[in-house]
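Chains, contacts and geometry: an overview
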Amino acid sequence: MKRALPVLVLSVAGLIPVWRYEPSAPAAPSVSAGPSASAGSSAAGSTVTGTPVRTEKGDVQVQLTYDGDTITAVKLLKQPNHPQTAAAVPRLIAATLEAQSADIDTVSGATVTSDGYRESLQAAIDARGA
């Protein structure tokens, strides 16, 4: 019984850094060629920006670059400053380039960001068609 209390206290003290750990967030990844524009042309193709979508984690806004009818680049103009978002963005961009549409899966652990990303992505796709 004399050892139980120190073992418990030291176990909790050892777990505190694990609970407080937040991985460093890398810079916002983007796959882009050309300058930013709301809806215009660049040397690599036309650029279309989706509407900003407000989520509980922060705003999300997508910019697409097209070459003909193909999405060639995706850039996040706004994204939440959150570790799960930083991990999810490359997967969302890769899925968009593969699917060539907003019909992509949610990234586990970043559901809110994934939903906002898809909404802004669909707005950008719709804006190009208008």
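Residues numbered from 1 in each chain as written. Predicted model: local features only at pLDDT ≥ 70, side-chain atom pairs only at ≥ 80, totals over all residues. Heavy atoms only, no water.

Before going further, it helps to spend a moment on the pairing of strand β5 (residues 59-67). The element β5 is extensively covered by neighbouring structure, given that seven of its nine residues are classed as buried. As judged from the four bridges shared by strand β3 (residues 45-49) and β5, these two strands associate in the antiparallel manner. Bridged to Ser-46 within β5 is Tyr-66. The sheet contact formed by strand β4 (residues 53-54) and β5 spans two bridges and is antiparallel. When the bridges of β5 are listed, Arg-54 appears paired with Asp-59. In sequence, β4 turns back onto β5 through a hairpin of four residues, with Gly-58 there showing a positive phi of about 145°. (Buried < 20%, exposed > 50% of the residue type's maximum accessible area, 1.4 Å probe, protein only. Helix = DSSP H or I, 4+ residues; strand = E, 2+ residues; numbered from the N terminus. Pairing = 2+ DSSP bridges.)

Tallying each qualifying case throughout the model produces zero aromatic pairs. Lying across the ring of Tyr-66, Arg-128 places its NZ or CZ 4.0 Å from the centre. (Phe/Tyr/Trp six-rings, centres within 6.5 Å; stacked < 30°, edge-to-face > 60°. Lys NZ or Arg CZ within 6 Å of the ring centre and 35° of its normal.)

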